[in-house]
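Given next are the chains, with one letter for each unit.
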Amino acid sequence: MDPSLDTWDFSSPLMSLWINRFYIYLGFAFGISLWICFQIVIRKQLFIFKDKNSQEKSVPKATQDLMTNGYISLQEKEVFVSGVKIFYGSQTGTAKGFAASLAEAAASLGLPVAVVNLKEYDPDDHLVEEATSKNVCAFVVATYTDGRPTESAEWFCQWLEEASSDFRFGKTYLKGVRYAVFGLGNSAYASHFNKVGKNVDKWLWMLGAHRVVTRGEGDCDVAKSKHGSIEADFRAWKTKFLAQLQALQKGEKKPCDGNCKRGQCESSAEEEPFESTSEEESGTEDHQNPNSVVDVEDLGKIMNCVKKEKREKEQQEEKRSLVRNTVKNEASERRAMITPALREALTKQGYQLIGSHSGVKLCRWTKSMLRGRGGCYKHTFYGIESHRCMETTPSLACANKCVFCWRHHTNPVGTEWRWKMDQPEMILKEAIENHQSMIKQFKGVPGVKEERFEEGMVVKHCALSLVGEPIMYPEINRFLKLLHECKISSFLVTNAQLPVEIRNLKPVTQLYVSVDASTKDSLKKIDRPLFKDFWQRFLDSLKALAAKGVTYCGESSASSLTMANVPWHEEVIHFVRDLVDLIPDYEIACEHEHSNCLLIAHKRFKIDSEWWTWIDYNRFQELMQEYEDSGGSATFSAKDYMAKTPHWALFGACERGFDPKDTRYQRKNKSKDISGC
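Residues numbered from 1 in each chain as written. Predicted model: local features only at pLDDT ≥ 70, side-chain atom pairs only at ≥ 80, totals over all residues. Heavy atoms only, no water.

Novice: Any chance you could break down the pairing of strand β9 (residues 389–393) for me, citing the residues and the numbers?
Specialist: Along any regular strand the residues' side chains alternate between the sheet's two faces. The buried fraction of β9 is high, at five of five residues. Burial along β9 is two-sided: the face carrying Cys 389, Glu 391 and Thr 393 and the face carrying Met 390 and Thr 392 are both buried. Two elements, strand β8 (residues 358–361) and β9, share three bridges in a ladder whose sense is antiparallel. Considered in β9, the bridge of Val 360 is made with Thr 392. Sheet topology note: the β9/strand β10 (residues 461–464) ladder contains three bridges and is parallel. (Buried < 20%, exposed > 50% of the residue type's maximum accessible area, 1.4 Å probe, protein only. Helix = DSSP H or I, 4+ residues; strand = E, 2+ residues; numbered from the N terminus. Pairing = 2+ DSSP bridges.)

Spelled out as structure tokens, the structure:
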């Protein structure tokens, strides 16, 4: 036995540790593992705590007060929108009305609202202030003649355009300004439809302002309007604007910082000067950078994406093809001129609508003559009995947008016929029926003369001057022929923009051409024609009128916008006398003081010092029958069916154009001695 073994004492602590060293190592390892796990948990909790703190910092102070104190201090509440400023540029008052409507709606959200006329606003001094005001600015601007702004918005647009291209202002001059634009225009003027609205939107964006909602475009052309009328277009845009305004109030939307792709960001999808479609925006985030390194393992995924995109493109192309075919079919079928919105608007104005593009309405002079009172100037000048006259039109569309139009610009406009067409037989039949139906409503009404009521039920005259451009109707000649076959005279008014149609016009009892201005510039401002060659068309129309050999009626001395602009009758007489001095073959024949107008007639209608401006309508119908029987070879002139003008209708007569049978005239002059007149 080795004596050295006696020196080892297995019962000693050191020996025990040595013998159990495996368990000790295991304990240390377990402890270190626990410590590592503990550190991981601690760091994770710290990260969550920091993230929570960062979120709390983004929470409005008022919300934190609510979480800590149980109540909100209104004084400390963070304000995201301090108010709304609505700027408008208006010519006829439509944009101004929209601005007032928008202001009322914005005020209902509890926001301070200011409505500003751009004519009274200096952008050089005040526009940059909106960058820090926390206001939301809305611009309601109309496009006027030739795509120019209205007079009230002219200076603002000029300043904005110059500032957007001036390097001294820079691309961040209006950074912080939040804005929205609604433009008013007419798509019939295709080359500059809503040009002002588009430009204001673009220029603001170029100066760094942030668009909060897509630009709205109102269209006066009800046939092309997206929602049926410009009012409906505005209401649709206003709904979007108010919804975005409410979101901004809650702080849900933040201005774009300019670092996002193509001017787009998650908080705002409206940051391009010309908005892209959702198809253009979709998928851009997922496209792989062509310069990046591709892992071999990802090639399968990439190929799948390529195949998927190819299938989607094929499907989109099929959809586009289907849409194109649908549009083509719709175009071949043609749309109705009278849209639901237009029907509602015209019905409110008292129109009885016929088919898809015609209408009839009762004239106030018809009502007047039913009561035994006087008629309109057509009765004084030509002998047309107002109570037997039907005011109608086979075309509600027009080629002008005259500033003095009393139809509120509700009718559609166009340079050619592009709508569904009704047959003239149906139009005439329903026009007479609707006219008679309106006359029947006066039966038994106090003051209505029984004999005139009976006469009024038989239409003898048709005034094609209700609204629109009747000569634009493709079947106008057939319609006129039907009138004459029914022994109804025709009184047609045209706006001097369709000379070819005037030349091709078959015989008409009376043909009027409106002469609203004497120069190219004034005609452009007053009539606002759609045709670019409007002046040549105007001149050609007058030449075509001269070739027809019809009675000429004098020009209008003014384009009246309000009653304040209407000249006094004495002023009209003075103007017409000056005009007659320039056309020696004409003289003043008749006057109708109530209508504030005079008739200038050619001297060939003055026979033996007596005027013959009235019309023998029975003789005209006989001549028309001879014309039709001859196949159009028989000719006749206005002198063949003229009638002597009564004394009371002559210029300078005591009656001043009032029919002595007019009960109002009799009451007015009951105590006067007019025997010496």
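Novice: Got a sec to walk through the side chain of His 435? Specific residues and values, please.
Specialist: With respect to the helices, strands and loops of the structure, His 435 is situated in helix α14 (residues 424–440). Beyond its immediate sequence surroundings of up to four residues, His 435 is in contact with Val 360, Leu 362, Cys 389, Met 390, Gly 456 and Val 459. (Contact = heavy atoms within 4.5 Å.)

Novice: Outline the pattern of salt bridges, supporting the account with residue identities and numerical values.
Specialist: For the structure on display, the rule yields 16 salt bridges. In this structure, Arg 388 and Glu 385 form a salt bridge, with 3.8 Å as the shortest nitrogen-oxygen distance. Overall, Arg 388 belongs to the buried group, its relative accessible area being 16%. Among the ionic pairs, Arg 478 bridges to Glu 475, the shortest N-O distance being 3.6 Å. Residue Arg 478 is classed as partly exposed on the basis of its relative accessible area of 31%. Look at the salt bridges and you will find they share partners, linking Asp 201, Arg 211, Arg 215 and Glu 217 into a network. (Salt bridge = Lys/Arg side-chain N within 4 Å of Asp/Glu carboxyl O.)

Novice: Go over the sheet that holds strand β7 (residues 352–354), please, and point to the residues and values.
Specialist: With respect to topology, six strands assemble into an open sheet ordered β7-β8-β9-β10-β11-β12, the strand pairing being mixed. Here the strands that pair on one side only, and so sit at the sheet edges, are β7 and β12 (510–513). Each strand axis lies, on average, 20° off the axis of its neighbour in the sheet, ignoring direction. (Axes fitted to C-alpha atoms, helices over the stretch in contact; angles between N-to-C directions.)

Novice: Any details on the packing of aromatic side chains? Residues and values, ideally.
Specialist: For the structure shown, the criterion picks out 23 aromatic pairs. Both rings, one in Phe 234 and one in Trp 237, keep their centres 6.3 Å apart while their planes meet at 35°; by these two values the pair is tilted. Remark: Trp 237 and Phe 234 occur in helix α8 (residues 230–249); sequence separation between them is three residues, near one turn of the helix. Take Phe 234 and Trp 237: they sit in the same class, and that class is buried. An aromatic cluster of three or more residues is present, and its members are Phe 98, Phe 182, Phe 234, Trp 237 and Phe 241. (Phe/Tyr/Trp six-rings, centres within 6.5 Å; stacked < 30°, edge-to-face > 60°.)

Novice: If you had to explain the nonpolar core to someone new, which residues and values would you point to?
Specialist: Ranked by internal contacts, the top residues of the largest apolar core, which has 61 residues, are Met 390, Leu 464, Leu 480 and Leu 483. Secondary structure elements with two or more residues in this core: α11 (340–348), β7, α14, β10, α16 (476–485), β12, α18 (520–527) and α19 (534–548). With six residues, α14 is the single largest residue contributor to this core. Taken domain by domain, the makeup of this core includes at least three residues from each of domain 1 (83–250) and domain 2 (340–559). Beyond its immediate sequence surroundings of up to four residues, Leu 480 is in contact with Leu 464, Ser 490, Leu 492, Leu 505, Lys 506 and Val 508. Within the second largest apolar cluster, 28 residues are counted, among which are Val 81, Ala 99, Leu 184 and Ile 230. (Core = buried A, V, L, I, M, F, W, Y, C linked by side-chain atoms within 4.5 Å. Domains from an automatic or database assignment.)

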